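Listed here are the chains, written in short residue letters.
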Amino acid sequence: MTDYYDAIVVGAGHAGCEAALALARLSLKTVIFTVSVDSIAMMPCNPNIGGTSKGHLVREIDALGGEMGKNIDKTFIQSKMLNQSKGPAVHSLRAQADKKEYSYAMRKVLEETENLSIKQGEITDLLIEDGKITGVRSYTGNEYSCRVCILCTGTYLNAKCITGEIAVHTGPNGLQAATHLTDSLLKAGISIRRFKTGTPARMDGSTIDYSKMEPQYGDEKIVPFSFMNEAEDLQREQVKCWLTYTNEETHDIIRENLDRSPLFSGYIKGTGPRYCPSIEDKVVRFSDKNRHQVFIEPEGNYTNEMYVGGMSSSLPEDVQEKMYQSVPGLEHARIVRNAYAIEYDCIDSLELLPTLELKKIKGLYSAGQANGSSGYEEAAAQGLVAGINAAHKVLGKEPVIIDRSQGYVGVLIDDLVTKGTNEPYRMMTSRAEYRLLLRQDNADERLTELGYEVGLISEERYQRFVEKYNQIRQEVERMKTTHVGNTEQVQKILETYNSTKLVSGVTLAELIRRPELNYEVLSPIDEKRPHLSDEVKEEVNIILKYEGYIKRQQKQVEQFHKLEKKRIPADLDYNNIKSLRLEAIQKLSNIRPESVGQAARISGVSPSDISVLLIYLEQNSRKGVTDEKDI
């Protein structure tokens, strides 16, 4: 028996949900497969969405028309804006989720979406004809034909959960692993990597002594993830999180048992995440530190389970008990779920085009941890982009490629497909060259127009967006043309904020640029100020205060775009380019960059190689080599 669909999504984690919703909302008949319907949008590790740089991704997903931001706004139990003592480029929203509610709410959205079907079952084989995906086969032998397919397999491929000397061939949370699909990928000539990640223990909250910990509160005023939500509609009672620390006793227990750690014994073969290491890895790598932070975070409103953030581990169960109980506040805590490491197969991301389509198999896309990334937010961002591009392929539309100057989504995907990754890739603000332009507050300005053109942003939402930025532009201009003099009222405001008094008139914009002043504190001397939303006020303040820096980055982006516009023919034989180093020839031939800009970001390709490539392209320009229309 064969069922027919326009699109098939394999896996219903955060990547799969965004991919399936994008496909269905763009009118493609879509089915999403999952090993367990109860695991849709599951959070097998940390119970939160957002965080440093990851909050940017969630807001970009929302600006494009994705679902993650809306879903966490429905289900958060604590919300906090991180890095507020620093500049706006690194402000990042982070929210604790009720894990079950988050999953239930996302499942409800999927179930109520037209054109979308959910099916429980393991996909074991890809059906490929003449280098093109034609369908998939399930474990039961049923075949499903499709025009496009997106792999969102997360950490399930040949998954193995490890605690000490014990290994169980399951996916996260004891769910069924996908043990056959890797063979199908290898048969198709796809390069596979073996990565590892981990998760800490969960504790019975009723056995924790919180008096020995520091309470961590949410923000008094909630900032929504979704641009569609108003802050006042999200105000609610929030739960507390807690902060404690490891100590020398903790570290001694770990050191004494390193020979039993599968991470150091060689039992774990997969490469782990550099930026989210296990506690035993931290103790070894940072031996000069006598303590590490441990965050105690609720898993939800209707459970006593507490997540022990910062202490993921794969040590044996008896060692875990001693280790955790050495932490202040956890002396008598009971473990509900042991910590474990998980090994899994994933695709070498250099196998992918910037659209997230596999180079070797037309119509087959991949997104999320299947591409070697880590994190719910990175997965969801890739899922949305893969969903859009798969839909566009079926609909005969141009692909959507978000570049590094447009969003963190673009940085993430470009890093994966251009540089590749030898470890689980984590998004960080430091990876973005233009991060002052890629702030979380202006994600809608950067990407909502694109979401509207694609068809994932409604007319009503688009008009609301247009009105918002009209207000911002008008208010910025008004601040630049509104003058104030050295009146008693003005001087008193300046004195209050330890700002130099005026000797002559200035504009309000000039005053805002002073470090100690901002848009809000000038309100008493701004008689004609209109009533504006908080998000408009924030944008006006940032635009005026950082105008010089913003213009400087915009000039850098112009230079970046010049190299991005210099296209490279898909069939260019790099062996014919004299003076290119052998390593550059090999890397360029393997990755097949689409532009000179992308070529310049490939590890192993030097600036001198780029100069040689530019000269070659210029010499051959009369043949149409650099015309975008010919690529």
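Just so we're clear, the structure is a prediction, and the values are computed from it rather than from any experiment. (Residues numbered from 1 in each chain as written. Predicted model: local features only at pLDDT ≥ 70, side-chain atom pairs only at ≥ 80, totals over all residues. Heavy atoms only, no water.)

## Concerning the overall build of the protein chain
Threshold: Strands here are runs of E lasting at least two residues and helices are runs of H or I lasting at least four, both read from the DSSP assignment and numbered beginning at the N terminus. Based on C-alpha atoms, the radius of gyration is set beside the globule rule, defined as 2.2 Å times the residue count to the power 0.38. Buried, partly exposed and exposed residues are distinguished by accessible area as a fraction of the type maximum, computed with a 1.4 Å probe on protein chains only: under 20%, between the cut-offs, and over 50%, respectively. Where accessible areas are quoted, they stem from the Shrake-Rupley method and a 1.4 Å probe; at the residue level, only the protein chains shown are allowed to cover. When charges are counted, Lys and Arg contribute as positive and Asp and Glu as negative, whereas His and the chain ends are disregarded. Taken as the charge location is NZ of Lys, CZ of Arg, CG of Asp or CD of Glu.
What the protein chain contains, in helices and strands, is 20 helices and 24 strands. Against the compact-globule benchmark of 25 Å for 631 residues, the protein chain has a radius of gyration of 26 Å, which places it among compact chains. With the principal axes as the frame, the protein chain shows a C-alpha extent of 80 × 75 × 50 Å. Counting only residues that meet the buried cut, the protein chain has 58% of its 631 residues in that class. With an accessible surface of roughly 27,200 Å², the protein chain has 47% of that area assigned to carbon and sulfur atoms. With 79 positive and 90 negative side-chain charges, the protein chain shows a separation of 4 Å between the mean positions of the two kinds.

## Brief notes about the sheet that holds strand β7 (residues 116-120)
This is how the line gets drawn: The pairing criterion is simple: DSSP has to find at least two bridges between the two strands. Each axis is a line fitted through C-alpha atoms, taken for helices only over the stretch in contact, and angles between the N-to-C directions span 0 to 180 degrees. Residue contacts are counted whenever heavy atoms from the two residues lie within 4.5 Å of one another.
The strand order across the open sheet formed by five strands is β7-β3-β2-β11-β22, and the pairing between neighbours is parallel. In this open sheet, the two edge strands, each paired with only one partner strand, are β7 and β22 (364-366). Strand-to-strand twist of the sheet, defined as the mean angle between neighbouring strand axes without regard to direction, takes the value 20°. Set on the sheet, helix α10 (residues 376-395) makes contact with β11 (148-151) and β22; between it and β11 the angle comes to about 170°.

## Remarks on the pattern of salt bridges
When the charged atoms of two side chains with opposite charge come close together, those side chains can pair. Stated formally: When a carboxyl oxygen of Asp or Glu lies within 4 Å of a side-chain nitrogen of Lys or Arg, that pair is called a salt bridge.
The tally for this structure, following the rule as stated, stands at 52 salt bridges. Across the pair Glu 248 and Arg 255 runs a salt bridge whose closest N-O atoms are separated by 3.8 Å. Look at Glu 248 and you get partly exposed, because its relative accessible area is 39%.

## Some points on the confidence of the model for the protein chain
To keep things clear, this is the line we draw: Note on scores: pLDDT gives the predictor's confidence for each residue, bounded by 0 and 100.
The share of residues in the protein chain with pLDDT of 70 or more is 97%, and the mean pLDDT across the chain is 94. Residue range residues 625-631 is modelled with pLDDT below 50. Its contacts to residues more than four positions away, or to other chains, number 14 contacts.

## A few points about the side chain of Thr 418
Rule in force here: Whenever two N or O atoms come within 3.5 Å, that pair is a polar contact, provided that in protein one can donate a hydrogen and the other can accept it, and provided that, for residues adjacent in sequence, both atoms are side-chain atoms.
By the element assignment, Thr 418 lies in helix α11 (residues 408-419). Among the polar contacts listed, one links the side chain of Thr 418 to the side chain of Gln 598, at a separation of 3.1 Å. Every residue in contact with Thr 418, bar those within four places of it in the chain, is listed here: Leu 350, Ile 591, Gln 598, Arg 601 and Ile 602.

## Digging into the packing of α10 against α11
Rule in force here: Between 65 and 115 degrees an angle is taken as roughly perpendicular, under 35 as roughly parallel, over 145 as roughly antiparallel, and anywhere else as oblique. The nonpolar class holds Ala, Val, Leu, Ile, Met, Phe, Trp, Tyr, Cys and Pro. Asp, Glu, Lys and Arg form the charged class, and all remaining residues, Gly among them, are polar.
Look at α10 against α11: their axes get within 10 Å of each other, and the N-to-C directions meet at 85°. Judged by the inter-axis angle, α10 sits roughly perpendicular to α11. Between α10 and α11, the contacting residues are Glu 378, Ala 381, Gln 382 and Val 385 on the first element and Val 409, Leu 412, Ile 413 and Leu 416 on the second. Among the residues making up the contact of α10 with α11, the classes are represented as six nonpolar, one polar and one charged.

## Here's the deal with helix α18 (residues 582-591)
Think of an α-helix as turning once every 3.6 residues; residues three or four places apart then point the same way. Keep this limit in mind: Throughout, the arc means that of the directions going from the helix axis to the C-beta atoms.
Buried within α18 we find Ala 584, Ile 585, Leu 588 and Ile 591. What you see down the axis of α18 is that its buried residues fit within an arc of 155°, all on one side. Looking at the buried side of α18, the elements it contacts are α11, α19 (596-600) and α20 (607-619). Downstream of α18 by one or two residues, Arg 592 has phi in the positive range, about 55°.

## Notes on the packing of aromatic side chains
What counts is decided by this rule: The criterion for an aromatic pair is that two Phe, Tyr or Trp rings (for Trp, the six-membered ring) have centres within 6.5 Å, with stacked assigned to planes under 30 degrees apart, edge-to-face to planes over 60 apart and tilted to the rest. By definition, being over a ring means that NZ of Lys or CZ of Arg is both within 6 Å of the ring centre and within 35 degrees of the ring normal.
Taken as a whole and assessed by the stated rule, the structure comprises six aromatic pairs. Between Tyr 452 and Tyr 462, the ring centres sit 3.8 Å apart and the planes meet at 5°, which makes this aromatic pair stacked. Taken together, the positions of Tyr 452 in helix α12 (residues 443-454) and Tyr 462 in helix α13 (residues 459-481) put the pair 10 residues apart, joining distant regions of the chain. Residue Tyr 452 is classed as partly exposed on the basis of its relative accessible area of 27%. In this structure Tyr 462 comes out as buried when scored by relative accessible area, which is 12%. An angle of 40° between the planes, with centres 5.8 Å apart, marks the rings of Tyr 462 and Phe 465 as tilted. Of this pair, Tyr 462 and Phe 465 both sit in helix α13, three residues apart, which is roughly one turn of that helix. A relative accessible area of 11% places Phe 465 in the buried class. Taken together, the aromatic side chains of Tyr 452, Tyr 462, Phe 465 and Tyr 469 make up a single cluster linked through ring pairs. A cation over an aromatic ring shows up here: Arg 529 above the ring of Tyr 519, its NZ or CZ 3.7 Å from the ring centre.

## As for the sheet that holds strand β4 (residues 48-50)
Strands in a sheet are paired, the pairing made by backbone hydrogen bonds, and the direction either parallel or antiparallel. One open sheet accounts for three strands, arranged β4-β6-β5; its pairing is antiparallel. Edge positions in the sheet fall to β4 and β5 (76-82), since each has one partner strand and no second. For this sheet, the mean angle separating the axes of adjacent strands, direction not counted, is 20°. Pairing geometry for β4 and strand β6 (residues 92-97), over three bridges, is antiparallel. Within the sheet, the bridge partner assigned to Ile 49 lies in β6 and is Ala 95. With respect to the sheet, helix α2 (residues 54-64) is in contact with β4 and β6, its orientation differing from that of β4 by roughly 80°.

## Quick word on the environment of Glu 357
Inspection of the secondary structure puts Glu 357 in the loop between β21 (340-347) and β22. Owing to a relative accessible area of 7%, Glu 357 belongs among the buried residues under this scheme. Once the C-alpha coordinates of Glu 357 and Arg 514 are considered, the two residues, 157 residues apart in sequence, prove to be 48 Å apart. Those residues in contact with Glu 357 that lie beyond four places of it in its chain are Glu 351, Leu 352, Lys 362, Gly 363, Leu 364, Tyr 365 and Lys 393. A polar side-chain atom of Glu 357 sits 3.2 Å from a polar atom in the side chain of Lys 393.

## Details of the pairing of strand β12 (residues 160-163)
Side chains Lys 160 and Ile 162 project from β12 onto one buried face, and the interleaved Cys 161 and Thr 163 project onto a second face that is buried too. The pairing of β12 with β21 spans three bridges and is classified as antiparallel. Paired with Cys 161 across the two strands is Ile 342, which belongs to β21. Note: β12 against strand β13 (residues 166-168), three bridges, orientation antiparallel. Within β13, the position partnered with Cys 161 by the bridge is Val 168. Here β12 hands over to β13 after two residues, with Gly 164 in that stretch at a positive phi of 60°.

## What about unusual backbone geometry?
If you check the backbone angles, Ser 53 has positive phi at about 70° while not being a glycine. Residue position: Ser 53 is located in the loop between β4 and α2. With a phi close to 55°, Arg 592 is a non-glycine residue in the positive phi region. When you line up the elements, Arg 592 lands in the loop between α18 and α19. The class of Arg 592 is partly exposed, set by a relative accessible area of 26%.

## Observations regarding the environment of Ile 40
Mapping Ile 40 onto the fold places it in the loop between β3 (30-34) and β4. Among residues more than four places away in sequence, those in contact with Ile 40 are Ala 12, Cys 17, Ser 103, Arg 107, Leu 110 and Ile 118.

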